[in-house]
Amino acid sequence: MALPNYFISCDWGTSNFRLRVVETTTLTILAEHKTDCGIKLLYENFLKQREKEQTHFFADYLKEQISSLPKEHQKHIIVAAGMASANIGLFELNYADFPLNTCGNNLIWKHLVFNNNIEILLISGAKTNSGMMRGEEIQAVGLEQELKPYKKGFLLLPGTHSKHLTYDNGIYTDLKNYMTGELFEVLSKKSILVNSVSTTSSTLLEKPFLEGVSLGLQGQLSASLFSIRAKDLLQTKTKEENYFFLSGLLIGDEISYLEQTTENIFLVAPDPVFSLYKLALKQIINPKQLILLDDKVLENALLLGQKKILLQYENNKAL
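Note that the structure is predicted; figures quoted are calculated from it, not measured. (Residues numbered from 1 in each chain as written. Predicted model: local features only at pLDDT ≥ 70, side-chain atom pairs only at ≥ 80, totals over all residues. Heavy atoms only, no water.)

(A) View of the overall build of the protein. Helices and strands together make up the secondary structure of the protein, namely 10 helices and 15 strands. Against the compact-globule benchmark of 20 Å for 319 residues, the protein has a radius of gyration of 21 Å, which places it among compact chains. Each of the three principal axes of the protein carries a C-alpha extent, and together these read 65 × 50 × 35 Å. Residues classed as buried in the protein amount to 48% of the 319 residues present. Looking at the protein alone, contacts between residues at least 24 apart form 67% of all its contacts between residues at least 6 apart. Charge-centre separation for the protein: the mean point of 32 positive side chains lies 0 Å from the mean point of 35 negative side chains. (Helix = DSSP H or I, 4+ residues; strand = E, 2+ residues; numbered from the N terminus. Rg over C-alpha atoms; globule rule 2.2 N^0.38 Å. Buried < 20%, exposed > 50% of the residue type's maximum accessible area, 1.4 Å probe, protein only. Contact = heavy atoms within 4.5 Å. Lys, Arg positive; Asp, Glu negative; His and termini not counted. Charge placed at Lys NZ, Arg CZ, Asp CG, Glu CD.)

Below you can see the structure in the form of structure tokens.
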């Protein structure tokens with residue numbers, strides 16, 4: 001089945017919103033529009049009004065943002081991933097169940113058309129009995145060509161809530177969630193440690209970071225947290241050193257279960273997170289096991305995954 005020449009990629013997360021006009025064959029991005037009105041903020045705005053029901057409130061916002069794209073590209077089908085399919089989003093879809101195929105054929109999707117001529121292909125998240133994700137599943141599907149030559153391993157997608165996916169010959173068999181990013185945010189900005197950590201530079205301080213990683217790997221996360229305050233008050237460490245120590249402590253705790261693995265580990269993330277996890281992982285595994293995929297690969301994976309779902313939809317129409 002022939003795909004349309006173009007589609008609009010919609011990446012709608014908790015905190016951000018992005019539209020991109022994509023040439024389907026080459027995945028060339030022809031135009032882009034971003035806002036900081038993620039699902040959370042728009043849902044809060046929805047609750048403040050009574051005129052529109054939720055789906056149409058979100059669809060109207062989408063229509064408004066599409067008007068910022070070049071006029072000749074405003075009518076393409078929109079392929080939407082992320083929190084748009086959550087209960088606080090555009091239209092709630094159930095999570096697809098693991099195992100997850102890298103062709104994407106067991107993800108749940110729904111075709112929506114609104115009176116304002118917006119045509120949306122909405123993609124679900126995916127879940128196991130103890131983990132879930134919305135948005136990363138489409139990236140995982142799009143990463144197939146990068147992982148396929150290695151056959152097996154663990155795919156790490158760090159973030160506010162890091163995801164670790166077990167990959168086995170074209171199938172993601174398991175998922176683990178880690179609240180590493182959110183814990184760092186809470187501890188560094190809302191806990192008793194708030195006045196003991198800070199950073200004004202993007203330069204990674206390796207020594208305190210690796211000290212934290214080492215303790216995290218040893219299961220010393222809880223026992224080491226208060227030492228950050230003590231080191232600040234006793235002036236044995238600077239606030240910036242404490243910042244990287246805390247980061248290392250949390251990341252070390254997250255990756256500790258991988259210390260004895262003989263499998264490949266695929267790290268996919270943008271900087272500065274990419275550099276932090278790379279340095280931490282090099283402490284526990286043979287460098288030959290570590291497959292590094294940067295933010296450009298991640299960006300392209302999203303588009304590849306959305307294209308696969310678009311193909312599923314077009315094939316379904318032809319039946």
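Having seen the structure, we can now continue with the description.
(B) Inspection of the environment of Q306 at higher detail. Secondary-structure assignment places Q306 in helix 10 (residues 295–318). For Q306, a relative accessible area of 0% puts it in the buried group. Separated by 226 residues in the primary sequence, Q306 and A80 place their C-alpha atoms 7.8 Å from one another. Q306 has contacts with F7, S9, C10, V79, A80, A81, I123 and I138, leaving out every residue within four places of it along the chain.

(C) Representation of the packing of aromatic side chains within the structure. For the coordinates displayed, the defined rule picks out 15 aromatic pairs. For the ring pair W12 and F58, a centre distance of 5.7 Å and an interplane angle of 50° mean the geometry is tilted. You can see W12 sitting in strand 1 (residues 6–12) and its partner F58 sitting in helix 2 (residues 54–66), a full 46 residues away along the chain. In terms of burial, W12 and F58 fall into one category: buried. For the ring pair Y243 and F244, a centre distance of 5.2 Å and an interplane angle of 75° mean the geometry is edge-to-face. Take F244: its relative accessible area is 6%, and that puts it in the buried class. An aromatic cluster is defined as three or more aromatic residues linked by ring pairs; in this entry it consists of W12, F17, Y43, F46, F57, F58 and Y61. Taking the ring centre of Y95 as reference, the NZ or CZ of R134 above it sits at 4.0 Å. The lysine or arginine in question, K176, covers the ring of Y257, its NZ or CZ lying 5.0 Å from the ring centre. (Phe/Tyr/Trp six-rings, centres within 6.5 Å; stacked < 30°, edge-to-face > 60°. Lys NZ or Arg CZ within 6 Å of the ring centre and 35° of its normal.)

(D) Layout of the sheet that holds strand 10 (residues 132–133). Spatial ordering of the open sheet is given by 5-9-10, a layout of 3 strands whose pairing is mixed. Bordering the open sheet on either side are strand 5 (96–97) and strand 10, each of which pairs with just one other strand. As defined by bridge partners, strand 9 (residues 126–127) adjoins strand 10 across 2 bridges and the pair is classed as antiparallel. Of the residues in strand 10, the one forming a bridge with A126 is M133. (Pairing = 2+ DSSP bridges.)

(E) Focus on helix 10. Its 24 residues give helix 10 an end-to-end C-alpha distance of 35 Å, which sits within 8% of 34 Å, the value for a rise of 1.5 Å per residue. All of the buried residues along helix 10 are L298, A301, L302, L303, L304, G305, Q306, I309, L310, Y313 and E314. A side-chain oxygen of the first residue of helix 10 lies 3.2 Å from the backbone nitrogen of K296; this N-cap is D294. (Expected span 1.5 Å × (residues − 1). Polar contact = N/O pair within 3.5 Å; in protein donor to acceptor, adjacent residues only side chain to side chain.)

(F) Focus on the side chain of H33. Its place among the elements puts H33 in strand 3 (residues 28–35). Using a relative accessible area of 16% as the deciding quantity, one classes H33 as buried. Engagement of the side chain of H33 in a polar contact is seen with the side chain of Q65, the distance being 2.7 Å. Not counting residues within four places of it along the chain, the set of residues in contact with H33 comprises F17, R18, L19, Q65, S68 and L69.

(G) Structural detail: the pairing of strand 11 (residues 152–157). With 5 of its 6 residues buried, strand 11 lies for the most part within the structure. Where strand 11 meets strand 12 (residues 162–168), 6 bridges bridge the pair, whose relative direction is antiparallel. Bridge pairing in strand 12 places F154 opposite T166. In the sheet, strand 11 pairs with strand 14 (residues 265–268) via 3 bridges, with the strands oriented parallel. From the neighbouring strand, L156 faces strand 14, where its bridge partner is L267.

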